[in-house]
Amino acid sequence: MSDATAKKEERRKFQAIRGTRDLLPPETALWNRVEQTAHEVFSTFGYGEIRTPILQMTDLFARSIGAETDVVAKEMYTFIDEMQGLPDPSNFAVSPDEYVDSVEEAIKRNEIQVTNSNLRALARLKTELERFRVRADAQSAEEAHLKFRIAASQIQFGDSISLEPEATASVCRAYIEHNMQQLPQPVKLYYMGPMFRRERPQKGRYRQFYQIGAEVLGGSDAPAIDAEVIEMLMTYFDKVGLHGVTLYINSIGHNAENCRRGYVAQLKSALEKVKDQLGPDSQRRIDTNPLRVLDSKLESEQAIIATLPHIADHLCDDCKAHYAAVRRQLEVRGVLYEENWRLVRGLDYYMRTTFEITAPGLGSQNAVCGGGRYDGLVELLGGPPTKGIGFAIGEDRLILSLQESGKAKVEQGRDVYIAWMGEHAYAAAIRAAKDLRNAGFSVELPPLEQKFGKALGQADKLGAKYALILGDNEVSEALWTIKTLSTGEQQKLPEPELLQFLRDQKPESQ
Ligand code: HAM
């Protein structure tokens with residue numbers, strides 16, 4: 001490296017990774033408000049909070065979301081968490097046979113998980129052991145051992161781990177792991193936190209984004225459950241101040257010949273007939289996942305898609321009745337919806353009810369929430385047969401939409417700025433700050449003495465409502481000056497009356 005390049009490297013500025021961002025005050029106050037409202041609303045519907053680890057087994061997502069979906073096939077952040085504690089293959093004291101034995105033992109003890117990649121690694125290691133034996137016969141054992149060591153140290157054992165791209169699978173895993181089927185059913189859980197998908201970043205689409213979600217597991221698949229989940233969601237949006245949303249619903253039936261499978265076959269043959277008029281993505285999907293063609297946003301494909309068969313005409317009687325009952329139940333609850341036969345969702349675990357909510361001000365990434373029913377997912381992950389339904393709100397998009405609609409005002413300024421001068425005044429200022437903070441006021445106490453003019457300027461910049469002026473006069477007279485910064489009015493109060501004065505001005509927050 002040249003000197004100049006080295007210098008440049010030294011001065012390099014670190015930036016947040018593409019698709020990730022820092023959330024800063026005052027915006028974070030809005031995030032807190034949105035989250036606090038979720039805690040409040042969801043608990044009124046009987047939900048409890050679950051926090052699952054961000055790191056999960058890759059297979060959990062491949063099995064549940066589907067190995068062929070965009071999320072699993074292209075977007076997960078995955079790495080091998082290398083096995084610790086195996087003997088070091090580069091150690092001459094351990095013979096190749098001993099090393100391979102130790103790996104097999106670790107697999108038996110379940111210290112190395114029986115995953116495809118670990119089994120492949122074991123097979124490769126055994127091939128290397130064979131090579132070693134052949135070589136050791138022909139060459140010096142030491143040289144053969146050296147070659148084995150080099151090859152073996154390149155074979156990794158460990159767990160394939162991914163950052164959560166969504167949380168439904170993790171919640172189902174936790175339901176099974178903690179035997180939650182033994183609790184009163186259904187179990188109603190909600191969560192909030194970061195999710196990770198390596199998508200192309202744009203407005204409303206990030207690689208680290210945040211979801212607020214809820215899942216109802218166990219119990220029955222009564223349509224009233226679907227409707228109540230959606231009612232809760234709409235109540236939440238209303239409380240948080242998100243207006244102008246549209247709820248789209250659909251039913252994608254269940255995976256049987258007389259239901260979705262039959263429909264998909266018909267859809268596929270209809271698509272084959274118009275294949276030439278479709279773009280390359282849709283053409284590919286005819287074979288991999290014909291339902292996803294319905295998701296296409298390509299302008300040129302819209303007229304063709306409009307002619308395709310609708311799933312509603314191919315649902316089995318039970319799924320049809322379930323869907324009709326969900327709509328009725330929504331109406332009983334006064335929840336407005338629009339049906340959208342093209343709403344198929346991008347994750348494999350859904351069946352029957354699917355829904356999505358769009359919000360204004362978001363451009364092309366306008367889905368602020370997605371969800372649906374996923375009976376059978378818990379069973380697919382090794383648990384008992386279990387019904388399930390849930391949703392996840394894209395918190396980043398929710399915040400964006402609130403900001404665009406001007407509903408994002410969160411008070412951030414301090415209540416009181418204490419402008420003090422002089423040592424005696426400082427002691428009084430510390431006491432006042434303590435009392436006011438204990439009473440719930442936000443107080444800025446400057447660490448260094450400032451001239452009053454400068455202090456008041458600072459108070460203004462920080463958006464303080466009041467300046468408490470404490471100088472030698474105030475302390476000796478035991479009368480404190482409080483100035484209302486918006487009007488410039490000021491008055492003198494005895495110390496004990498200060499708190500009451502502020503409380504009277506701001507009764508709602510106390
Ligand atoms: P999803 O539709 O993949 O569903 O994501 C739900 C919501 O998360 C989306 O509607 C969107 O608002 C937000 N979102 C997704 N990806 C991004 C991104 N890259 N940047 C910003 N926001 C994003 C699920 O995740 C399911 N687990 C929902 C569910 C829960 N279904 C049943 N239970």
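So, here's what we can say about the structure. (Residues numbered from 1 in each chain as written. Predicted model: local features only at pLDDT ≥ 70, side-chain atom pairs only at ≥ 80, totals over all residues. Heavy atoms only, no water.)

Time to look at the overall build of the chain. Scanning the chain for helices and strands turns up 19 helices and 16 strands. Taken along the three principal axes of its C-alpha coordinates, the chain extends 100 × 70 × 55 Å. Split into buried and exposed, the 510 residues of the chain put 46% on the buried side. Averaging the coordinates of the 63 positive side-chain charges in the chain and doing the same for the 73 negative ones gives two points 4 Å apart. (Helix = DSSP H or I, 4+ residues; strand = E, 2+ residues; numbered from the N terminus. Buried < 20%, exposed > 50% of the residue type's maximum accessible area, 1.4 Å probe, protein only. Lys, Arg positive; Asp, Glu negative; His and termini not counted. Charge placed at Lys NZ, Arg CZ, Asp CG, Glu CD.)

With respect to burial, strand β9 (residues 351-358) is a largely interior element, seven of its eight residues being buried. Sheet analysis places strand β7 (residues 246-251) next to β9, joined by six bridges and oriented antiparallel. Following the sheet pairing, Ser251 is matched in β9 by Thr353. Sheet topology places β9 next to strand β10 (residues 367-373); six bridges connect them, and they run antiparallel. Counted as the bridge partner of Met351 is Arg373 from β10. (Pairing = 2+ DSSP bridges.)

This next bit is on the pairing of β10. For β10, the tally of buried residues reaches six of seven residues, placing the bulk of the element in the interior. Across five bridges, the pairing between β10 and strand β11 (residues 388-394) is antiparallel. Each bridged residue has a counterpart across the sheet, and for Cys369 the counterpart in β11 is Ile393.

Attention now moves to the packing of helix α9 (residues 223-240) against helix α13 (residues 317-332). With their axes 8 Å apart at the nearest point, α9 and α13 run at an angle of 45 degrees to one another. The orientation of α9 with respect to α13, classified from their angle, is oblique. As for the relative orientation of α9 and α13, their crossing is right-handed in sense. Contacts from Pro223, Ala224, Asp226, Ala227 and Ile230 in α9 reach His322, Ala325, Val326, Gln329 and Leu330 in α13. Considering only residue class, the contact of α9 with α13 consists of seven nonpolar, two polar and one charged. (Axes fitted to C-alpha atoms, helices over the stretch in contact; angles between N-to-C directions. Parallel < 35°, antiparallel > 145°, perpendicular 65-115°, else oblique. Left-handed = near helix turned anticlockwise from the far one by under 90°. Contact = heavy atoms within 4.5 Å. Nonpolar A, V, L, I, M, F, W, Y, C, P; charged D, E, K, R; others polar.)

What follows concerns the nonpolar core. Counting 96 residues, the largest nonpolar core has Phe42, Tyr236, Phe237, Phe391 and Leu398 as the members making the most contacts within it. Per-element accounting of this core gives the leading share, ten residues, to α9. With residues up to four places along the chain from it excluded, the contact list for Phe237 reads Leu242, Ile357, Val368, Cys369, Ile393 and Leu398. In this structure, Ala439, Tyr466, Leu498 and Leu502 belong to the second largest nonpolar core, which totals 22 residues. (Core = buried A, V, L, I, M, F, W, Y, C linked by side-chain atoms within 4.5 Å.)

Its place among the elements puts Glu166 in the loop between β4 (158-163) and α8 (168-177). No salt bridge is formed by the buried Glu166; its nearest oppositely charged neighbour, Arg197, is found at 5.5 Å. Among the polar contacts listed, one links the side chain of Glu166 to the backbone nitrogen of Thr168, at a separation of 3.2 Å. A distance of 2.4 Å separates the side chain of Glu166 from the side chain of Tyr349, its partner in a polar contact. If near-sequence neighbours (up to four positions away) are discounted, Glu166 is found in contact with Phe61, Ile65, Met195, Arg197, Gln211, Leu347 and Tyr349. (Salt bridge = Lys/Arg side-chain N within 4 Å of Asp/Glu carboxyl O. Polar contact = N/O pair within 3.5 Å; in protein donor to acceptor, adjacent residues only side chain to side chain.)

Turning our eyes to something else, we now look at the site of the ligand. In the neighbourhood of the ligand, 27 residues make up the surrounding shell, with Glu166, Glu199, Glu215, Tyr350 and Ala367 lying closest. A distance of 2.8 Å separates a nitrogen atom of the ligand from a polar atom in the side chain of Glu215. When the ligand is considered free in solution it has 650 Å² of accessible area, and contact with the protein chains removes 95% of it. Contributing elements (two or more residues each) for the shell around the ligand: β6 (208-217), β10 and β11. Ranked by residue count, the leading element in the shell around the ligand is β10, at six residues. Of the residues in the shell around the ligand, the class split is twelve nonpolar, eight polar and seven charged. (Near = heavy atom within 4 Å. Areas by Shrake-Rupley, 256 points an atom, 1.4 Å probe, with all protein chains shown as cover.)

A few words now on the packing of aromatic side chains. Tallying each qualifying case throughout the model produces twelve aromatic pairs. Ring geometry for Phe42 versus Tyr236: centroids 5.6 Å apart, planes at 55 degrees, classification tilted. One end of the pair, Phe42, is in helix α2 (residues 27-44); the other, Tyr236, is in helix α9, with 194 residues separating them in the sequence. The class of Tyr236 is buried, set by a relative accessible area of 0%. Taking the centre distance of 5.9 Å and the plane angle of 45 degrees together, the rings of Tyr236 and Phe237 count as tilted. Phe237 shares its class with Tyr236; the two are buried. Clustering of aromatic rings is evident, with ring pairs tying together Phe42, Tyr47, Tyr190, Tyr236, Phe237 and Phe391. Above the face of the Tyr206 ring, Arg21 is positioned so that its terminal group lies 4.0 Å from the ring centre. In this structure, Arg198 is placed above the aromatic ring of Tyr77, and the distance from its NZ or CZ to the ring centre is 4.5 Å. (Phe/Tyr/Trp six-rings, centres within 6.5 Å; stacked < 30°, edge-to-face > 60°. Lys NZ or Arg CZ within 6 Å of the ring centre and 35° of its normal.)

Don't take any of this as a statement about function, it's just geometry.
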